[in-house]
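# Summary of the model geometry
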Amino acid sequence: TEAEWAYAARVTNGSGNQVKKYPWGKGFPPPGGSGNFADVSAQKVLPSYLETYNDGYAVAAPPGKFKSNSIGLHDIGGNVAEWCHDYYEIYGTGTKQTDPTGPKTGRHHVVRGSSWKHGSISSLRLAYRDYSDTKRPDLGFRVARYLK
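Residues numbered from 1 in each chain as written. Predicted model: local features only at pLDDT ≥ 70, side-chain atom pairs only at ≥ 80, totals over all residues. Heavy atoms only, no water.

For the rest of this paragraph, the subject is the environment of Tyr146. The residue Tyr146 is located in the segment after strand E4 (139–140) in this model. As for Tyr146 and Asp39, which are separated by 107 residues in sequence, their C-alpha atoms are 35 Å apart. (Helix = DSSP H or I, 4+ residues; strand = E, 2+ residues; numbered from the N terminus.)

This part takes up the packing of aromatic side chains. Considering all chains together, one arrives at six aromatic pairs under this definition. Measuring from centroid to centroid gives 4.8 Å for Tyr22 and Trp24, while their planes differ by 5°, and the two rings are stacked. The class of Tyr22 is buried, set by a relative accessible area of 2%. Take Trp24: its relative accessible area is 18%, and that puts it in the buried class. Among the aromatic residues, ring-to-ring pairing joins Tyr22, Trp24, Phe28, Phe37 and Tyr53 into one connected group. (Phe/Tyr/Trp six-rings, centres within 6.5 Å; stacked < 30°, edge-to-face > 60°. Buried < 20%, exposed > 50% of the residue type's maximum accessible area, 1.4 Å probe, protein only.)

Attention shifts here to unusual backbone geometry. With omega at 5°, the peptide bond leading from Phe28 into Pro29 counts as cis. With respect to the helices, strands and loops of the structure, Pro29 is situated in the loop between helix H1 (2–10) and strand E1 (81–87). Backbone geometry places Asn79, a non-glycine residue, at a positive phi of 70°. As for its placement among the helices and strands, Asn79 is situated in the loop between H1 and E1. Judged by its relative accessible area of 6%, Asn79 falls in the buried class.

In this structure the tally under the stated criterion is six salt bridges. For the salt bridge of Asp138 with Arg136, the shortest nitrogen-to-oxygen distance reads 2.7 Å. By sharing partners, the salt bridges in this structure join Glu2, Arg112 and Arg129 into a single network. (Salt bridge = Lys/Arg side-chain N within 4 Å of Asp/Glu carboxyl O.)

Next up, the structure:
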């Protein structure tokens, strides 16, 4: 779910008390080796890119090429954005929810995380949300299972 993705992407310790702003931590632009983002190697395929960053991959990199996050997940930010199970809706103001699952039906699924096409200060944030109802070259998914 989107809530599970957000937790897995942002947690920095087992208690969940600390969260990251970007996949690499704090501050912008990303330090070298942080992930596969819109960089100078992609300048021939993208209209905008990070002029001070080079990950060496114009499009998708091999999975797991960059360092994992604090709980061992690779490519949470960069490489491909991730299609979540939840259907997309605009968050309303009001009641705080714990582990929301989104609406039961809809047309578009939530997309979380940045991809090799993203390089802006807002799209690289772990809070960035998008939606899609179709495939695209910078979109993938992560298989997750509940442990019993």
